[in-house]
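Coordinates in review
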Amino acid sequence: MAEKKLGMTEGPIGPLLLRFALPLFLGNLFQQLYNAVDSLVVGNFCGDAALAAVSSSGSLCHLLIGFFQGTFIGASVVISRYWGAGDRERADKAIHTTVVFSLCIGTLLSVFGVVFTPTILRWMGTPENVLPNSIVYFRFYCAGLLGLVLYNTANGIFQALGDSRHPLYYLMIAAALNAALDLLFVGAFDWGVAGAALATVLGQVLSAMLGFARLMSGKFPLPIRLQKLLPDRVILAEVFRLGLPSGVQNCVINIANVVVQSNINAFHDNAVAGCGSYSKIEGFVFLPITSLTLAITTFVSQNLGAKQYDRVKAGAKQGAVMTVALSEVVGIAFFVFAPVLIGLFSKTPEVVAFGVRQARVESLFYCFLGFSHAAASILRGAGHAVTPMAVMLAVWCLFRITYITIMVRVFQDITVIFTAYPVTWSISSILFAVALWRGDWLHSKGEKISQKAS
């Protein structure tokens, strides 16, 4: 039966996590290609100023979608818990409630982004020679945000039921379209950053259409039906209880990243382009870790729904160890190959130098970043979303901004901005270790959904 094939409540834990994470990794790889292809094509066809425009918009893109993606973690946990408990009716209601929420929030984000793009970019201190292209790129991007939101909704529903393969297939097709259109619009038609943004939007819309086509077909265990697209108030409240802390966390962290980007902007075009290139590469090299932690969240949530507590503890331990080891391996590789990787985006020595310097400062500390993400995924899967929010807001936002604000004024060196990341990753790892060691995350809040599903 489909439930058996999609479930994570049976079988050896390590291989199960890896099998689930591999399609996620490949899917996330193609998702990053969405972002990187724009920068690669723009950087090579339009020059460093246009590359800086795309790079300076990156933190804003993450800001707009961060709240939704964080909130959807709550929806994914609810769906996974009901599915693990075998409650098809509530799982079905949770899926339809999530789709309605996604349609509303996706529309609001698109309107907000299009209207307030110039104001936010100016507030960030975007260099004047970069500003016009930044506005064009980000407005086009925002116009297609509904497609991105709906794709992520479909992706999360698949993952909640234990299916990480189909989102990969759809994203591969969409990423190939995006790359082809980038070359056509930017390379052949010379549409510049507007062409890159339009290519991304069309790819996002295609991936959303493919995902929902399957979700609405008889091949999906709990097919979406238009007449059932009504929000369930109890489930929506549960989604917000579990997801709102993560949504607020993502939103505030991305606001913090906007503040960091503003500090980087003060070092002018080459720094903006170089650090933007580093961010693109970091997004790639950290994909295996992100994929593994998503698998951990689904695993913990489904097995708590099935009340297999010993299996939950074993999976949490194995998942955390695997994440830390993998993080350090990719960090060492990035440290070694940074000049080659950053050089893919620009041939300007000053741009490459900024990106390499950031990589050399941060990459060897990825083990702490990996552990923080693994611990946060365990806690969210168990229904304890407030703890990761509190840790990350206090350390990754408040402390990081304070650290950068003070240190930049004292040393006036961009390396100070880079050091803020390993420092805050290390502190959050200590706090998360204490939270997991206490052990109370396994019960209490994490059992509430299971009790409702029983």
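Let me sum up the structure you'll find in this document. (Residues numbered from 1 in each chain as written. Predicted model: local features only at pLDDT ≥ 70, side-chain atom pairs only at ≥ 80, totals over all residues. Heavy atoms only, no water.)

Time to look at the packing of aromatic side chains. Scanning the model with the defined rule gives 13 aromatic pairs in all. Residues F101 and F240 carry aromatic rings whose centres are separated by 5.4 Å and whose planes lie at 85° to one another, so their mutual orientation is edge-to-face. Residue F101 is located in helix 4 (residues 88-123), and its partner F240 is located in helix 9 (residues 233-265); the two are separated by 139 residues in the primary sequence. Residue class for F240 comes out partly exposed when judged on its relative accessible area of 29%. Geometrically, the ring pair formed by F399 and Y403 is tilted, given 6.2 Å between the ring centres and 35° between the ring planes. Of this pair, F399 and Y403 both sit in helix 15 (residues 386-411), four residues apart, which is roughly one turn of that helix. Given the relative accessible area of 35%, F399 is considered partly exposed. An aromatic cluster is built from F286, Y366, Y421 and W425, whose rings are joined through pairwise contacts. Here the basic side chain of R360 rests over the ring of F335, its NZ or CZ set 4.9 Å away from the ring centre. (Phe/Tyr/Trp six-rings, centres within 6.5 Å; stacked < 30°, edge-to-face > 60°. Helix = DSSP H or I, 4+ residues; strand = E, 2+ residues; numbered from the N terminus. Buried < 20%, exposed > 50% of the residue type's maximum accessible area, 1.4 Å probe, protein only. Lys NZ or Arg CZ within 6 Å of the ring centre and 35° of its normal.)

In this section: the packing of helix 7 (residues 166-188) against helix 8 (residues 192-215). When two helices pack together, their arrangement is captured by the angle between the axes and the distance separating the axes. One way to put it is that helix 7 packs onto helix 8 with a least axis distance of 8 Å and a crossing angle of 155°. Regarding the angle of helix 7 to helix 8, the classification is roughly antiparallel. The two elements helix 7 and helix 8 cross, and the hand of that crossing is right-handed. Its residues assigned to classes, the contact of helix 7 with helix 8 comprises 14 nonpolar, eight polar and two charged. (Axes fitted to C-alpha atoms, helices over the stretch in contact; angles between N-to-C directions. Parallel < 35°, antiparallel > 145°, perpendicular 65-115°, else oblique. Left-handed = near helix turned anticlockwise from the far one by under 90°. Nonpolar A, V, L, I, M, F, W, Y, C, P; charged D, E, K, R; others polar.)

Right, let's get into the nonpolar core. With 75 residues, the main nonpolar core has F334, Y366, I417, F432 and W441 as its most contacted residues. In contact with W441, not counting residues within four places along its chain, are V312, A316, I378, L379, A382, H384, A435 and L436. In terms of nonpolar packing, the next biggest core, distinct from the first, is built from 39 residues, F101, L150, L161 and I235 among them. (Core = buried A, V, L, I, M, F, W, Y, C linked by side-chain atoms within 4.5 Å. Contact = heavy atoms within 4.5 Å.)

As a further point, take a nonpolar patch on the surface. Together, I332, V336, F337, L364, F365 and F368 make up a nonpolar patch on the protein surface, roughly 520 Å² of accessible area in all. The greatest single-element share of the nonpolar patch, amounting to three residues, is contributed by helix 12 (residues 309-342). With a relative accessible area of 31%, F368 lands in the partly exposed category. (Patch = residues over 30% accessible without salt bridge, like charges linked within 9 Å, V, L, I, M, F, W, Y side chains within 5 Å. Areas by Shrake-Rupley, 256 points an atom, 1.4 Å probe, with all protein chains shown as cover. Salt bridge = Lys/Arg side-chain N within 4 Å of Asp/Glu carboxyl O.)

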